[in-house]
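Descriptive analysis of the structure
Chain residues, written in single-letter form:
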Amino acid sequence: MLPIRPIGPISPMNIYWNLFSTFFRIGLFTIGGGYAMIPLIEAKVVDEKKWIGREELLDLIAVAQSCPGIFAINIGIFIGYKLRGKWGAVVTTLGTALPSFLIILAIALVFQQFRENIYVERIFRGIRPAVVALIAAPVFKMAQMAKISRYNIWIPVAATALIWLLGFSPIYVILLAGAGGYVYGQIKEDKL
Amino acid sequence: MIATLFLLFWTFFQIGLFGFGGGYAMISMIQGEVVSHYHWMTMGQFTDIVAVSQMTPGPIGINSATYVGYTAITNAGHAWYWGVLGSAVSTFAVVLPSFILMILISRFLMKYKNHPVVENVFSGLRPAVVGLLAAASLCLMTPENFSTPSECPWQFWISVGLFFFAFISTKVYKISPIHVILLCGVAGLILF
């Protein structure tokens, strides 16, 4: 059980509102994915609100990265849980998710009609190749972070081939990779 | 209708549960389930969703769950308010596993972060996530997104050009993805 830390002079109701509005703002101003929001979280949660320390934030980033799910949501859950238990986590989750949910819903409601429009179609014909490139670009940076060497390069290559050429679901690839890492560790241990 | 809602819930619950490696790796899973497996939408529609998610604030996982939930239901011929329900169900489902797991795992991982079994599992997961990213971009290189040299050489070669422009400007020159998408949208409007 993580310690639930009392927050100085702020009254209990205020802390829920405070958590909600802080993470609502973080959700609203995060453009371009999870890693883009780290500086914003640092400014809000560490410097301004002093809810967690800077080192604690680094640990938290590592945990949020190694857990499944959405990075921003994971960070919100952790901080909410730490400060006010599971209701704190509920409040931060709602705060982080709500801005995107409302904006995307509004767009979805009108986009179906727009999509048929010839100009919108042209714009999206230009955008689609760019989106593919934006997804391709972080592959090499991720490879560096995952410490890909000539000994384990076959893992990402095999994962790519299974999904792209053989049509496997990425969910099974992830499960297989985790199980493979576990079994490999066990074999290595037996040999020692 | 109810069956589709249930399938949306189940699909996004799994995506939330096995979505390691951040937004782009998650896109690969969403694409696998939503386009290849259930045929809720075409590859072109899916790419548009990724583009819209890129340009709007908020985590990509939430954005695409909201959007896919709406589009899958309305594509099946149901009214817009059922689409809104579809969005809510998908978004709730993609967050739920994080919520449960993050609370459990943050307790567990803080304690066992350096345990050999945990390290072994992650040594298999990290390289596989790199493969997931590579597969996500390869799977999106379709005639629908790029056209083909025989069908429309003009659009094909412009698309290839826009792909390399987007790749180099984000990877080498670190230009913000939002600006890249806007520029390619303008190029599409003028050139196509």
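In what follows, the accompanying structure is described. Please read these numbers as outputs of a predicted model, since none were measured by experiment. (Residues numbered from 1 in each chain as written. Chains lettered and ligands numbered in written order. Predicted model: local features only at pLDDT ≥ 70, side-chain atom pairs only at ≥ 80, totals over all residues. Heavy atoms only, no water.)

**A look at the environment of Ala 146 of chain A**
One can find Ala 146 of chain A in the loop between helix 6 (138-145) and helix 7 (154-164). What makes Ala 146 of chain A buried here is its relative accessible area of 13%. Spatially, the C-alpha atom of Ala 146 of chain A lies 16 Å from that of Ala 64 of chain A, the residues being 82 residues apart in sequence. For Ala 146 of chain A, the residues in contact, after removing those within four places along its chain, are Asn 152 of chain A together with Arg 126, Pro 127 and Val 130 of chain B. (Helix = DSSP H or I, 4+ residues; strand = E, 2+ residues; numbered from the N terminus. Buried < 20%, exposed > 50% of the residue type's maximum accessible area, 1.4 Å probe, protein only. Contact = heavy atoms within 4.5 Å.)

**Considering the state of the cysteines**
The full count for this structure, using the stated rule, is zero disulfides over all chains. With no disulfide of its own, Cys 152 of chain B lies closest to Cys 184 of chain B among cysteine sulfurs, the gap being 17 Å. (Disulfide = S-S within 2.5 Å.)

**Considering the pattern of salt bridges**
All names here are of chain A. By the definition in use, this model includes four salt bridges over all chains. Between Lys 44 and Glu 48 there is a salt bridge, with the nearest N and O atoms lying 3.3 Å from each other. In this pair, Lys 44 and Glu 48 both sit in helix 2 (residues 38-48), four residues apart, roughly one turn of the helix. Residue Lys 49 pairs with Glu 48 through a salt bridge whose shortest N-O separation is 3.9 Å. Under the relative-accessibility criterion, Lys 49 is labelled partly exposed at 28%. Where salt bridges share partners, they join Lys 44, Glu 48 and Lys 49 into one cluster. (Salt bridge = Lys/Arg side-chain N within 4 Å of Asp/Glu carboxyl O.)

**Some points on the interface of chain B and chain A**
Each partner contributes residues to the interface: chain B has 96 residues there, and chain A has 81 residues. Contact between chain B and chain A buries roughly 8,200 Å² in total, counting both sides, with carbon and sulfur atoms accounting for 79%. Joining chain B to chain A, the criterion identifies one salt bridge. One can count four residue pairs in polar contact (both at pLDDT 80 or more) joining chain B with chain A. (Buried area = accessible area lost by both parts, 1.4 Å probe. Polar contact = N/O pair within 3.5 Å; in protein donor to acceptor, adjacent residues only side chain to side chain.)

**Here's the deal with a nonpolar patch on the surface**
On the surface, a cluster of nonpolar side chains totalling about 710 Å² of accessible area is made up of Ile 118 and Tyr 119 of chain A together with Trp 154, Val 186, Leu 189, Ile 190 and Leu 191 of chain B. Elements that contribute at least two residues to the nonpolar patch include exactly helix 5 (118-136) of chain A together with helix 9 (177-191) of chain B. Per element, the largest residue contribution to the nonpolar patch is four residues, and it comes from helix 9 of chain B. With respect to the element layout, Ile 118 of chain A can be found in helix 5. (Patch = residues over 30% accessible without salt bridge, like charges linked within 9 Å, V, L, I, M, F, W, Y side chains within 5 Å. Areas by Shrake-Rupley, 256 points an atom, 1.4 Å probe, with all protein chains shown as cover.)

**Digging into the packing of helix 6 of chain A against helix 6 (residues 116-139) of chain B**
Contact geometry for helix 6 of chain A and helix 6 of chain B: axes closest at 9 Å, N-to-C directions at 175°. Taken together, the axes of helix 6 of chain A and helix 6 of chain B are roughly antiparallel relative to one another. Within the contact between the two elements, helix 6 of chain A uses Pro 138, Val 139, Met 142 and Ala 143 of chain A and helix 6 of chain B uses Val 129, Val 130, Leu 133 and Ala 134 of chain B. The class makeup of the residues in the contact of helix 6 of chain A with helix 6 of chain B is eight nonpolar, no polar and no charged. (Axes fitted to C-alpha atoms, helices over the stretch in contact; angles between N-to-C directions. Parallel < 35°, antiparallel > 145°, perpendicular 65-115°, else oblique. Nonpolar A, V, L, I, M, F, W, Y, C, P; charged D, E, K, R; others polar.)

**Things to note about the packing of aromatic side chains**
Tallying each qualifying case throughout the model produces 13 aromatic pairs over all chains. Here the aromatic rings of Phe 140 of chain A and Phe 167 of chain B are separated by 6.5 Å at their centres, their planes lie at 90°, and the arrangement is edge-to-face. On the criterion of chain membership, the pair formed by Phe 140 of chain A in helix 6 and Phe 167 of chain B in helix 8 (residues 153-171) is interchain, its members lying in two chains. On the basis of an interplanar angle of 20° and a centroid distance of 6.2 Å, the ring pair of Phe 163 of chain B and Phe 167 of chain B is categorised as stacked. Linking Phe 163 of chain B with Phe 167 of chain B, this pair stays in helix 8, spanning four residues, or about one helical turn. Summarising the burial analysis for this pair, Phe 163 of chain B and Phe 167 of chain B share the class buried. Grouped by ring-pair contacts, the aromatic residues Phe 140 of chain A together with Phe 146, Phe 163, Phe 164 and Phe 167 of chain B constitute a single cluster. (Phe/Tyr/Trp six-rings, centres within 6.5 Å; stacked < 30°, edge-to-face > 60°.)

**Quick notes on helix 5 of chain A**
Side chains three or four residues apart in an α-helix point the same way, a direct result of the helix having 3.6 residues per turn. All names here are of chain A. The first and last C-alpha atoms of helix 5 sit 28 Å apart over 19 residues, in line with the 27 Å expected at 1.5 Å per residue. Along helix 5, the sharpest kink reaches roughly 25°, centred on Ile 127 and followed within four residues by the proline Pro 129. Between a side-chain oxygen at the N-terminus of helix 5 and the backbone nitrogen of Tyr 119 the separation is 2.7 Å; the capping residue is Asn 117. (Expected span 1.5 Å × (residues − 1). Bend = angle between axes of the 7 residues up to and from the residue.)

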